[in-house]
Amino acid sequence: MQFDIRRFDIYRKVPKDLTHATTTGAAISLICITFISTLLLIELYYFITPDVVSELFVDAPDFGTSNRIPVHVDITVSEIPCQYLGIDIQDDLGRHEVGFHDNTLKTPDNNDKGCRINATFTVTRVPGNFHVSTHSAASQPTIGDMKHVIHDLRFGDSIKGFRQIPNRKAFRPLRGFNNTNHPIHVSHDYLMKIVPTIYENLSGVRRYPFQYTFVYREFNPHQGVVGAIWFRYDIMPITVKYTERRQKFYTFITSICAVVGGSFTVASILDSIVFTASELFKKFEIGKMT
């Protein structure tokens, strides 16, 4: 007996002349193909676009070798000229730097009545503060109005170019903060809680931005003392890690097979129901005529 491998064919072919094409079947086929194409494009989009998985760690398990945090501040004080203003930095390790000037750009604003300060510096990973004040000036202004606009304040690496990062506002909640509607001669106090963050992309490249929250308050300084703009910070012992992950290829293939197979099966069942109902209706009509 000759062996015939065609016995194992579970996809037996029906001769074309034994099949019957219908208008309803063609419509269902077109709808099915459109539906499958749409689902395939959606599955392809989700396969190409990585997901972001978040994790929490106690302390900072991986922050490189640096224990210092980059800070970038861009602020405009609208009523005090640049000659009086400076940035002072303090922390719990004893740092007390008055009139920080490295990487600091002062630009006159409001017809030279105000000043925009753009500065970049580092702070140690311990509680501390930095503040905009007139403490480093040789003389004090006659009007100590510290009304201001915070154009930007961020800690750590920039998140520019991070397309998938969640809750982007948490990294720069003070951006665009307008504080020009408060009384003259008050000090402005921002109390901030900073959360260390790690962001790792698909290539394994890591960035270290920081999220933070803040609470604002104002208070009256001692009589005769010009107010200041205080940014007091504390480092949280929790680190958040965001990791980009792409769907596994075999999962993508499984989804494609499920979409194609399921759609064709449902369309075939629907076509059979419609065709059977149509045939029964025709027989019923013929029966009525006879």
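Residues numbered from 1 in each chain as written. Predicted model: local features only at pLDDT ≥ 70, side-chain atom pairs only at ≥ 80, totals over all residues. Heavy atoms only, no water.

Undergrad: Any details on the packing of aromatic side chains? Residues and values, ideally.
TA: The final tally for this structure, using the stated rule, is 13 aromatic pairs. Measuring from centroid to centroid gives 6.3 Å for Phe130 and Phe155, while their planes differ by 55°, and the two rings are tilted. On the criterion of sequence distance, the pair formed by Phe130 in strand S7 (residues 128–133) and Phe155 in strand S8 (residues 148–155) is long-range, its members being 25 residues apart. With respect to burial, Phe130 and Phe155 carry one shared label: buried. Aromatic pair Phe177 and Tyr190: ring centres 5.9 Å apart, planes at 80°, arrangement edge-to-face. On the criterion of sequence distance, the pair formed by Phe177 in strand S9 (residues 177–179) and Tyr190 in strand S10 (residues 187–200) is long-range, its members being 13 residues apart. Overall, the relative accessible area of 25% leaves Phe177 in the partly exposed class. The exposure class assigned to Tyr190 is buried, which follows from its relative accessible area of 0%. (Phe/Tyr/Trp six-rings, centres within 6.5 Å; stacked < 30°, edge-to-face > 60°. Helix = DSSP H or I, 4+ residues; strand = E, 2+ residues; numbered from the N terminus. Buried < 20%, exposed > 50% of the residue type's maximum accessible area, 1.4 Å probe, protein only.)

Undergrad: Any details on the side chain of Glu244? Residues and values, ideally.
TA: Mapped onto the elements of the fold, Glu244 is located in strand S14 (residues 238–245). A polar atom in the side chain of Glu244 sits 3.2 Å from the backbone nitrogen of Leu202. Residue contacts for Glu244: discarding those within four places in its chain leaves Pro50, Asp51, Val52, Gln164, Tyr199, Glu200, Asn201 and Leu202. (Polar contact = N/O pair within 3.5 Å; in protein donor to acceptor, adjacent residues only side chain to side chain. Contact = heavy atoms within 4.5 Å.)

Undergrad: Before we move on, could you go through the environment of Ser278 and cite the residues and values that matter?
TA: Counting through the fold element by element, Ser278 comes out in helix H2 (residues 249–289). Classification of Ser278 as partly exposed rests on a relative accessible area of 32%.

Undergrad: Explain the state of the cysteines to me, and be specific about the residues and the numbers.
TA: Overall, the coordinates contain 1 disulfide when judged by the stated rule. Shown here is the disulfide that connects Cys82 with Cys115, its sulfur atoms set 2.1 Å apart. Sign of the S-S torsion, about 100° for the bond between Cys82 and Cys115, identifies this disulfide as right-handed. Here the residue Cys82 occupies a position in the loop between strand S2 (68–77) and strand S3 (86–91), and Cys115 occupies one in strand S6 (residues 114–124), the gap between them amounting to 33 residues. Taking relative accessible area as the criterion, Cys115 reaches 0% and is therefore assigned buried. Not part of a disulfide, Cys32 finds its nearest cysteine sulfur in Cys257, a span of 15 Å. (Disulfide = S-S within 2.5 Å.)

Undergrad: Can you break down a nonpolar patch on the surface residue by residue, with the values?
TA: Taken together, the side chains of Leu41, Leu44 and Ile48 make up a nonpolar region of the molecular surface, amounting to roughly 280 Å² of accessible area. You can see Ile48 is positioned in helix H1 (residues 23–48). (Patch = residues over 30% accessible without salt bridge, like charges linked within 9 Å, V, L, I, M, F, W, Y side chains within 5 Å. Areas by Shrake-Rupley, 256 points an atom, 1.4 Å probe, with all protein chains shown as cover. Salt bridge = Lys/Arg side-chain N within 4 Å of Asp/Glu carboxyl O.)

Undergrad: Before we move on, can you summarise the sheet that holds S8 with the specific residues and values?
TA: The strand order across the open sheet formed by 5 strands is S5-S6-S2-S8-S9, and the pairing between neighbours is antiparallel. Bordering the open sheet on either side are strand S5 (104–109) and S9, each of which pairs with just one other strand. Between one strand axis and the next, the sheet turns through 20° on average, direction left out of account. Here 7 bridges tie S2 to S8, and the two strands are oriented antiparallel to one another. Residue pairing in the sheet places Val77 in a bridge with His148 of S8. (Pairing = 2+ DSSP bridges. Axes fitted to C-alpha atoms, helices over the stretch in contact; angles between N-to-C directions.)

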